[in-house]
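An overview of the molecular structure
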Amino acid sequence: MPPIYPFTAIVGQERMKRALVLNAVDPRIGGVLIRGERGTAKSTAARALAALLPKVKVVSDCRFGCDPDAPATWCTECRERAERGESLPVSLRQIPFINLPVSATEDRVVGTLDIEAAIQRGERHFEPGVLAAANRGLLYIDEVNLLDDHVVDVLLDAAAMGMNIVEREGISFTHPARFILVGTMNPEEGDLRPQLLDRFALSVEIYGIRDARERVMIMERNLAFEKDPLAFVAHWQPKEQELSQQIEQARKLLDQVTYTSRDLLSIASLTASLQVDGHRPDLVILKTARAHAAFEGRTSITARDIALAAELALPHRLKRTPFQQASATMEELAERIEQLQGGATSGEPREHPGGMEEESGQKKT
Ligand SMILES: Nc1ncnc2c1ncn2[C@@H]1O[C@H](COP(=O)(O)OP(=O)(O)OP(=O)(O)O)[C@@H](O)[C@H]1O
């Protein structure tokens, strides 16, 4: 594999980096949509993140990279092998980075069942698609707004469920499809339908950096990388290692992160006052705030975690009137949340267990 430009060598673009890292801490957050200018390190950051993430344990000869420690998520083939009493070989694998082409069809994404083989020979043949290749990795969809709406719908459904179920003529095949979803788009080339927009958990608006010194730094680093990629990668390796370990620690801590009823009330008051649609944003803010607390090595969330999460979860969900600016700044959001924290005095805060599933009825995917 050719050397990859390191994540930690990307200059600025902190909000995009934060959204990506928090999805890596908890892929159940549900992905990030990066909207904005070309040439702003979107694909560089996504590819670099996949390269630095810790290796994962897989069933070595499984086409879907099933997790040997999570039998409930196994594909149809691993399940059948286990039922036959076969022991499944285990190895470590680098997480895959999958780039979805904009011309992708539904079959290419979900995979195909060979019905003729089933009818003529009684055999089940499943040709894996992009969802299989992306399992436990990072799925990058460049120009998601130009992809067929139905394909986006199928992708987002699988991402939310964490599995891909293909059914045809009474035959079905299931495999896990848990991945970090990263979509990008240039709004000048058309927007996503609001229904699809809302199903991306987080969003980030990205612009070219205006500061001349930072632009110089971008040139210098890219020239150094082009001149001697291996030396450049080696130079950044300690920082990459540090971030990788921080993400790994955060993943372990995540289920222990608690929140109080006051935190929930802060989130609810914020989303209610901004009149966002539905309840998805509330859940996304909570999950993201927990991932941020875990990333900083804490086991309870603070108003700042909620503010940082809201900054990522709300921009694409704020309703615009013709005369309104949709982008609430970080400071405005933080101010709102701090006010809400101060005002939420009804009853004593109650500790909740780390898992939000009990509270929201949401299942881990
Ligand atoms: N902030 C940055 N720090 C370091 N390098 C950067 C930065 N922004 C852009 N670059 C460099 O600029 C080039 C273009 O970046 P990249 O291909 O990631 O852009 P992109 O946002 O994915 O654009 P497109 O949508 O056109 O593919 C790369 O060589 C990348 O390393």
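Preceding block: the structure.
All values derive from a computational prediction rather than experimental measurement.

Turning next to the overall build of the protein chain. Regarding its fold elements, the protein chain presents 15 helices and eleven strands. Buried residues in the protein chain amount to 48% of all 365 residues. Residue pairs at least 24 apart in sequence account for 77% of intrachain contacts in the protein chain once pairs closer than 6 positions are excluded. Working note: accessible area of the protein chain is about 18300 Å², and carbon and sulfur atoms make up 51% of it.

Quick look at the packing of aromatic side chains now. Summed over the entire model, instances satisfying the criterion amount to eight aromatic pairs. Measuring from ring centre to ring centre gives 5.7 Å for F225 and F232, while their planes differ by 65°; the resulting arrangement is edge-to-face. Neither residue differs from the other here; F225 and F232 are each classed as buried. Geometrically, the ring pair formed by F232 and W236 is tilted, given 6.2 Å between the ring centres and 40° between the ring planes. Taken together, the residues F232 and W236, both in helix α10 (residues 229-253) and four residues apart, mark about one turn of the helix. Judged by relative accessible area, F232 falls into the buried class, the value being 8%. Overall, the relative accessible area of 11% leaves W236 in the buried class.

Criteria and cut-off values
Residues numbered from 1 in each chain as written. Predicted model: local features only at pLDDT ≥ 70, side-chain atom pairs only at ≥ 80, totals over all residues. Heavy atoms only, no water. Helix = DSSP H or I, 4+ residues; strand = E, 2+ residues; numbered from the N terminus. Buried < 20%, exposed > 50% of the residue type's maximum accessible area, 1.4 Å probe, protein only. Contact = heavy atoms within 4.5 Å. Areas by Shrake-Rupley, 256 points an atom, 1.4 Å probe, with all protein chains shown as cover. Phe/Tyr/Trp six-rings, centres within 6.5 Å; stacked < 30°, edge-to-face > 60°.

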